[in-house]
Structures are given as C-alpha cells and as structure tokens.
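Residue-level structural notes
Residues per chain are reported as follows:
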Amino acid sequence: LLGDVPGWMAVDGILSREFRLADYRATIAFVNAVAQVAETQDHHPELTVGYATCRVTWSTHSAGGALTENDFICAAKVNALYLGLTGA
C-alpha cells in the first residue's frame, strides 16, 4: 500500500512523512486538521512540530507494531488534507 501514499516512508512498522508549511501559523493549522482526521478515524499519530514542519508518524500498537490498512488510510487522508491546505 506504500505506493498509494506518495511521500511516506515505511521503516520498522512505522509510516512517516515530514510536511513543509509556510510558517508556524500554517503548521499549527495543519496540526489541528490532522488531529481532526485522527479523532474521526479513532487512530492517533505521533506528531513532531517545528516552525514550518510537521512530521506525522503512524503505527498500530495493537497489531504488535505492524502497519495496518488503517495506517495507510490515515496517511492518504493526511496527504489529501495537505494538498487542500497548500495546493502542493
């Protein structure tokens, strides 16, 4: 499924991508939007926030650290969100 989520990397049961944004305000708006996706999916990523970057990391602890279809669904939703916010 990795081919369905451009920009994401899968390493050791962790799916991650760093997103670049215009500035801190845009980054926080993105973080809040990702939080909405997470709540809707009832699947919560690790987020690492910088001034103009946000790294989103998905994994499924209940699957023994393996990636699940839901991780990829969430990654695809975050990609669509990023595209909608930035046009990139």
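Here, every reference points to the structure presented above.
So, a few notes on the structure that sits alongside this text. What you see is a predicted model; the values in this text were computed from it and never measured.

About the criteria used
- Residues numbered from 1 in each chain as written.
- Predicted model: local features only at pLDDT ≥ 70, side-chain atom pairs only at ≥ 80, totals over all residues.
- Heavy atoms only, no water.
- Helix = DSSP H or I, 4+ residues; strand = E, 2+ residues; numbered from the N terminus.
- Buried < 20%, exposed > 50% of the residue type's maximum accessible area, 1.4 Å probe, protein only.
- Areas by Shrake-Rupley, 256 points an atom, 1.4 Å probe, with all protein chains shown as cover.
- Lys, Arg positive; Asp, Glu negative; His and termini not counted.
- Charge placed at Lys NZ, Arg CZ, Asp CG, Glu CD.
- Pairing = 2+ DSSP bridges.
- Axes fitted to C-alpha atoms, helices over the stretch in contact; angles between N-to-C directions.
- Contact = heavy atoms within 4.5 Å.
- Expected span 1.5 Å × (residues − 1).
- Polar contact = N/O pair within 3.5 Å; in protein donor to acceptor, adjacent residues only side chain to side chain.
- Core = buried A, V, L, I, M, F, W, Y, C linked by side-chain atoms within 4.5 Å.
- Left-handed = near helix turned anticlockwise from the far one by under 90°.

Remarks on the overall build of the protein chain
Counting its secondary structure elements, the protein chain contains 2 helices and 4 strands. Structurally, the protein chain occupies a C-alpha span of about 35 × 25 × 20 Å along its principal axes. In the protein chain, buried positions account for 38% of the 88 residues. Accessible area of the protein chain: about 5100 Å², with a carbon and sulfur share of 53%. Looking at the protein chain, you have 5 positive and 9 negative side-chain charges, and the mean spots of the two groups are 11 Å apart.

A look at the sheet that holds strand S4 (residues 53-58)
Pairing is antiparallel across the open sheet formed by 4 strands, whose spatial order is S1-S2-S4-S3. Two strands in the sheet have a free side with no partner beyond their single neighbour: strand S1 (9-11) and strand S3 (46-49). When strand polarity is set aside, the average angle formed by the axes of neighbouring strands in this sheet is 20°. Across 6 bridges, strand S2 (residues 14-20) lies against S4 in antiparallel orientation. Opposite Arg20, over in S4, you have Thr53 as the bridge partner. Strands S2 and S4 of the sheet are contacted by helix H2 (residues 69-86), whose axis makes an angle of about 5° with S2.

Some points on helix H1 (residues 24-41)
Relative to the 26 Å expected for 18 residues at 1.5 Å per residue, H1 spans 26 Å between its end C-alpha atoms, a close match to the ideal helical length. When H1 is considered as a whole, its buried residues turn out to be Thr27, Phe30, Val31, Ala33, Val34, Val37 and Ala38. Where H1 is buried, its residues touch S2, S3, S4 and H2. Measuring from the side-chain oxygen of the N-cap residue of H1 to the backbone nitrogen of Arg25 gives 3.3 Å; that N-cap residue is Asp23. Positive backbone phi, at 50°, marks Asp42, one or two positions downstream of H1.

Some words on the nonpolar core
With 19 residues, the main nonpolar core has Trp8, Phe19, Phe30, Val56, Trp58 and Val78 as its most contacted residues. Those elements that provide at least two residues to this core are S2, H1, S4 and H2. With residues up to four places along the chain from it excluded, the contact list for Val56 reads Trp8, Leu15, Ser16, Arg17, Phe19, Phe30, Pro45, Glu46 and Leu47.

A look at the packing of H1 against H2
H2 packs onto H1 with a crossing angle of 145° between their chain directions and a minimal axis gap of 10 Å. The way H1 lies across H2 gives a crossing that is right-handed. Across the interface between the two elements, Phe30, Ala33, Val34, Val37 and Gln41 from H1 touch Asn70, Ile73, Cys74, Lys77, Val78, Leu81, Tyr82 and Leu85 from H2.

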